[in-house]
Every structure is written in structure tokens, then in C-alpha cells.
Amino acid sequence: MKKVMIIGGGIIGLTLANYLDKTKFDVTVIDSLIGQATSASAGIISPWLSKRRNKKWYQLAQDGAAFFPKLVRDFALDESIYAPCGTLVVRPEKALQELAELAENRRKEAPGIGEIDLLTGSQTKEVLPLLKEMPSLRITGGGRLDGQAYLAHLKANAQQQQVTFIEEKAEIVRTDNHWQIKTKDHFLETEILCLTAGPGLLDLLSPLGYQVDIRPQKGQLLSFATNLPTNSWPVAMLEGEGDLIPFSNGQILLGATHENDAGWDLTPTEAAQQQLMTGIGAFLEDPEALFAAPMTMRVGTRAYTSDFAPFFGEVPDETNLFAASGLGSSGLTTGPYIGYLLANRINEVHAQPTDFSCYTKPMTEYIKKRL
Ligand SMILES: Cc1cc2nc3c(=O)[nH]c(=O)nc-3n(C[C@H](O)[C@H](O)[C@H](O)COP(=O)(O)OP(=O)(O)OC[C@H]3O[C@@H](n4cnc5c(N)ncnc54)[C@H](O)[C@@H]3O)c2cc1C
């Protein structure tokens, strides 16, 4: 049985670990749990109205969203983990008309968008009573994923399949036929190595002589524990940086910030709290009532590339070394599908390789040998 080691137990790493063929591979996941984006994330799965022009990214995001029904079946995800709760997009009327046209066009390729309705202010308030009366566009296919609950569920599932977990920071030590991995308490060897470490990919590959086009971005959000009947409420994508994401148990998330100059800093800040409360509060009927609920802050580190696009596949000029990173703000949407595609590639190691070029530029665009 061949060994596969995965460094990085976020959404890509754990989905990959679960889809690897355990009759062929002995799988270990090593994760430092530091700065993880998946656990800090907001949870919006609704890529169809994006105006980004990057076609490969959009194809990946569209196919990633379409993958969710399979993910739900394969891992028996209940509605506390993933729910197709629908999305409301709140914008001025003219912008909503344009978005409705875009949605109608995109639905031809992506039937998962579901129903598309322009709602009046009072209809908007009826489906999400926290909001002021404002017109919105509702798409019923949007969903919400609880990143923390997803990882806990997939970890338990993987453990039942004898996947080993090590909670430590890892370093790679190069050898000829095997990859050696060093952590504080372990020295491990593996035939196949997968790096799904978010922005941590930079530190993992630099000592091997690689330049990696990745930068960390800090994201903060607010989580309110309420007694509100949030179960059937949709996600609201508001103007600016603000989104409101109701989960099934009364929890309401407001977020998130995109801080490019904070590096790896994981400290929650008063400034972010104020920014989110002021920005999102402007859309709420009674912001003070929500802000009176017990609140915690979440902080995570996203990974970005220069062209804001993810990459994944085999690292150039290396044997049995795979990497995936750069998922940015949409990694809950694309991450499970990337994990699945990588698992298929590794499971069918002697078959025709799966072609990822419709989703991502060649990895040499992002990972280069230092001269
Ligand atoms: C505040 C916030 C809100 C977001 N909201 C959304 C959203 O609404 N919708 C959406 O689609 N996406 C969202 N995202 C983006 C999404 O969460 C990320 O793109 C995605 O989770 C990245 O997954 P990943 O598996 O690549 O990395 P991560 O989840 O960051 O996991 C990487 C793991 O690798 C580990 N690691 C790194 N280096 C090492 C090492 N040397 N040794 C061992 N372990 C290591 C880290 O500890 C971490 O656990 C949000 C992100 C943030 C921060």
C-alpha cells in the first residue's frame, strides 16, 4: 500500500483525504490549525452573479457549486453543515435588473442557480426579517456551508477509514525516491505528498528552491448567537464588503474584511468590528437588537495569487508532489471540488491524467524554480 501525506487539513485537504482510495493508499493528514481559512469562513456558496472576467475561475466556481449535491450525498451532510437556503442580493433597482439578466444567461449552463426572482422591499423583508425594506434579487440555488462543522464531519469520516491525523506544523525534507516530512515530534516518509496548506504553501516550498505566487490576506467576521428563527432564512449579499449569513441554530455571521497588509496577523481588531457593524448595520431594520446578542470574532488567513485565481495539480519537475492554493474569497465553493479532482488524479495514477486546464493556468505560472 502506498503512503499519501497531506499537509494542510482545510477544506481541500480533508475533502481530498476522504476521496482517496483507501484500498490503495495509507493516508495521513498533518495540520497546524493556525490561521485556517475554512474554519473562519462566512459560508456563502453562490458564485453565479460574479462579474469577474476570469473564465477559468468562473468555470471552476460554477462546477464547484454544481458539485455540492454530490458532496451532500457522499458524506451525508445534514442541513446544519450545508443548506441550499437561497441567496438574496441587495442592490439598487437598476443594478438588480442587470444581475437578473446575468443570472438568466448563466442559468443556461448552471441550472443549479434555481429560481430567479426580483423581490420588492416588503417581499425582501418577508424572507429575511432582519433587513430594512429594500429591493433584492433572490436566487433559490444559493447555499451556506458551515466550514467548521464540515471539517469536523469530514475528519470523523476519515478517521473511520483509518486516516491518521497529526496536529503539528510540518516541513519538507527532500530525498530522491521519497518525501520526508519533519514535524516537532515526527519524522515521516511518504511516496506521494499533497500540499493543501493555503498561504502556508509559501513556507513549505521556499526551502526547496521555489518561488510561489501567494500572499496571505487577513479576513475577520462577527458571529452572533441569537434565539432568532434563522433556519429558513437565506444568505444576504449586501453592497460593499458586507454579507449576512444566518445558520440553522440562530447563529448569524456578518462579514468579512479583506485586509491585504496584515500578513499572518490573527488578532481580532476593534476597527474591523466597527467597520462590519457600521457597514452591515446600515441595511438592518434594528441593528442594535442584533448587536446586543453575544458576539465572537473569527479571524482567518486567505491565500491569494497575483491574478486572484487558484491553482492545483502536480508541482513542475517533481515526482509525486501535488499542490493546491490561492483559493481567495471563494474557496468554500471551489475547495471541495478541487479536493475531489486531485483525489481522482491520484486514485487513477496509471490511467489518463485528468486535464485541469479548463479550470486553472499551468502551475508554472504560480510556482517557479528560483534562479
Ligand atoms: C473570513 C473569511 C470568510 C470567507 N468566506 C467565504 C465564503 O463565504 N465563501 C467562500 O466560498 N469562501 C470563503 N472564504 C474563503 C475560504 O474559506 C478559503 O478560500 C478556503 O477555506 C481555503 O481552503 P484551503 O483548504 O485552501 O486552506 P485553509 O482552510 O486555510 O487550510 C490550510 C491549512 O493548512 C495548515 N497549514 C499551513 N501550513 C502548514 C504547515 N507547514 N504544516 C501543517 N499545516 C499547515 C493551516 O493550519 C490550515 O489549517 C472565506 C475566508 C475567510 C478567511
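Computed from a predicted model, the values in this text were never measured in an experiment.

Definitions and cut-offs
- Residues numbered from 1 in each chain as written.
- Predicted model: local features only at pLDDT ≥ 70, side-chain atom pairs only at ≥ 80, totals over all residues.
- Heavy atoms only, no water.
- Salt bridge = Lys/Arg side-chain N within 4 Å of Asp/Glu carboxyl O.
- Helix = DSSP H or I, 4+ residues; strand = E, 2+ residues; numbered from the N terminus.
- Buried < 20%, exposed > 50% of the residue type's maximum accessible area, 1.4 Å probe, protein only.
- 1 Å grid on protein atoms, 1.4 Å probe; cavity = no way out; pocket = protein on both sides within 12 Å on 5 of 7 lines; lining within 4 Å.
- Points joined across faces, edges and corners; volume = space filled by probe spheres on them.
- Nonpolar A, V, L, I, M, F, W, Y, C, P; charged D, E, K, R; others polar.
- Pairing = 2+ DSSP bridges.
- Contact = heavy atoms within 4.5 Å.
- Domains from an automatic or database assignment.
- Buried area = accessible area lost by both parts, 1.4 Å probe.
- Polar contact = N/O pair within 3.5 Å; in protein donor to acceptor, adjacent residues only side chain to side chain.
- Near = heavy atom within 4 Å.
- Areas by Shrake-Rupley, 256 points an atom, 1.4 Å probe, with all protein chains shown as cover.
- Axes fitted to C-alpha atoms, helices over the stretch in contact; angles between N-to-C directions.
- Phe/Tyr/Trp six-rings, centres within 6.5 Å; stacked < 30°, edge-to-face > 60°.
- Lys NZ or Arg CZ within 6 Å of the ring centre and 35° of its normal.
- Core = buried A, V, L, I, M, F, W, Y, C linked by side-chain atoms within 4.5 Å.

Peer 1: Break down the pattern of salt bridges for me, citing the residues and quoting the values.
Peer 2: Applying the stated criterion across every chain yields a total of 12 salt bridges. For Asp265, the salt bridge goes to Lys218, with nearest N and O atoms at 2.8 Å. One end of the pair, Asp265, is in the loop between β18 (251-255) and α9 (270-281); the other, Lys218, is in strand β15 (residues 215-225), and 47 residues separate them in sequence. By relative accessible area, which is 2% here, Lys218 ends up buried.

Peer 1: Residue-level account of the layout of surface pockets, with values.
Peer 2: The space that makes up the second largest pocket amounts to roughly 210 Å³. Element by element, the count of residues in the lining of the second largest pocket is highest for helix α3 (residues 55-66), at four residues. When the residues that make up the lining of the second largest pocket are grouped by side-chain class, the tally is 11 nonpolar, three polar and two charged.

Peer 1: So, the pairing of strand β20 (residues 311-314): which residues are in play, and what are the values?
Peer 2: A regular strand carries its side chains on alternate faces of the sheet. One ladder, built from four bridges, connects β20 with strand β21 (residues 321-325); its direction is antiparallel. Looking at β21, one finds that Gly313 is bridged to Ala323. In this antiparallel pair of consecutive strands, β20 and β21, the connection spans six residues, and Asp317 shows a positive phi of 65°.

Peer 1: Outline the side chain of Thr257, listing residues and values.
Peer 2: Its place among the elements puts Thr257 in the loop between β18 and α9. The buried category is assigned to Thr257, whose relative accessible area is 1%. Ignoring any residue separated from it by four or fewer positions in sequence, one finds Thr257 in contact with Lys218, Gly219, Gln220, Glu241, Ala272, Gln275, Leu276 and Arg302.

Peer 1: Provide a residue-level description of the domain arrangement of the protein, including the pertinent values.
Peer 2: The domain architecture assigned to the protein consists of domain 1 (2-38 + 148-214 + 307-365) and domain 2 (84-143 + 215-304). Placing a centre on the C-alpha atoms of domain 1 and another on those of domain 2 gives a separation of 30 Å. The interface is formed by 16 residues belonging to domain 1 together with 11 residues belonging to domain 2. Carbon and sulfur atoms make up 62% of the area that domain 1 and domain 2 hide from each other, which totals about 1,100 Å². Summed over the shared surface of domain 1 and domain 2, the result is zero salt bridges. Across the domain 1-domain 2 interface, the total number found is five residue pairs in polar contact (both at pLDDT 80 or more). Among the residues forming the side of domain 1 that touches domain 2, the class breakdown is six nonpolar, nine polar and one charged.

Peer 1: Explain the site of the ligand to me, using residue names and the numbers behind them.
Peer 2: Around the ligand, a shell composed of 38 residues is seen, among which Asp31, Thr38, Ile44, Ala170 and Gly328 lie nearest. Note that an oxygen atom of the ligand is positioned 3.1 Å from one of the backbone N or O atoms of Ile11. Thr38 has a polar side-chain atom sitting 2.5 Å from an oxygen atom of the ligand. Here the ligand loses 95% of its free accessible area of 1,000 Å² to cover by the protein chains. Listing elements by their share of the shell around the ligand, those giving two or more residues are α1 (11-19), α2 (37-40), β19 (295-304) and α11 (331-347). For the shell around the ligand, the residue count by class is 16 nonpolar, 18 polar and four charged. Inspection of the shell around the ligand shows a minimum of three residues originating in each of domain 1 (2-38 + 148-214 + 307-365) and domain 2 (84-143 + 215-304).

Peer 1: I'd like to hear about the sheet that holds strand β10 (residues 171-174), residue by residue, with values.
Peer 2: The sheet built from three strands is open, its strands ordered β10-β11-β12 with antiparallel pairing. This sheet does not close on itself; its edge strands, each paired only once, are β10 and β12 (187-190). This sheet shows a mean twist of 30° between the axes of neighbouring strands, independent of strand direction. In this sheet, β12 lies alongside strand β11 (residues 179-182) in antiparallel orientation, the contact comprising four bridges. Following the sheet pairing, Ile181 is matched in β12 by Leu188.

Peer 1: Which residues make up the sheet that holds strand β17 (residues 243-246), and what values do they have?
Peer 2: The sheet built from eight strands is open, its strands ordered β6-β7-β5-β16-β17-β18-β15-β19 with mixed pairing. The strands lining the two open edges of the sheet, one partner per strand, are β6 (116-119) and β19. Neighbouring strand axes in the sheet, compared pairwise and without regard to direction, differ in orientation by 20° on average. Seen against the sheet, helix α5 (residues 93-107) touches β5 (87-90), β6 and β7 (136-139) and runs at an angle of roughly 170° to β6.

Peer 1: I'd like a description of the packing of aromatic side chains, backed by residues and values.
Peer 2: Taken as a whole and assessed by the stated rule, the structure comprises 13 aromatic pairs. An angle of 35° between the planes, with centres 4.7 Å apart, marks the rings of Phe67 and Tyr340 as tilted. Placement of the pair is Phe67 in the loop between α3 and α4 (68-75) and Tyr340 in helix α11, with a sequence separation of 273 residues. Grouped by ring-pair contacts, the aromatic residues Tyr19, Phe67, Phe75, Tyr337, Tyr340 and Tyr359 constitute a single cluster. For Lys155, the ring lying beneath its charged end belongs to Phe165, and the centroid distance is 5.1 Å.

Peer 1: Tell me about α1, and name the residues and values.
Peer 2: A large share of α1 lies buried, amounting to nine of its nine residues. Residues of α1 that are buried: Ile11, Ile12, Gly13, Leu14, Thr15, Leu16, Ala17, Asn18 and Tyr19.

Peer 1: So what's going on with the nonpolar core? Which residues, and what values?
Peer 2: Grouped together as the largest cluster of nonpolar side chains are 59 residues, with contacts concentrated most on Ile6, Leu20, Leu145, Tyr150, Phe312 and Leu342. Among the domains, domain 1 (2-38 + 148-214 + 307-365) and domain 2 (84-143 + 215-304) are the pair contributing at least three residues each to this core. With 27 residues, the next largest nonpolar core counts Ile30, Leu205, Val212 and Tyr366 among its residues.

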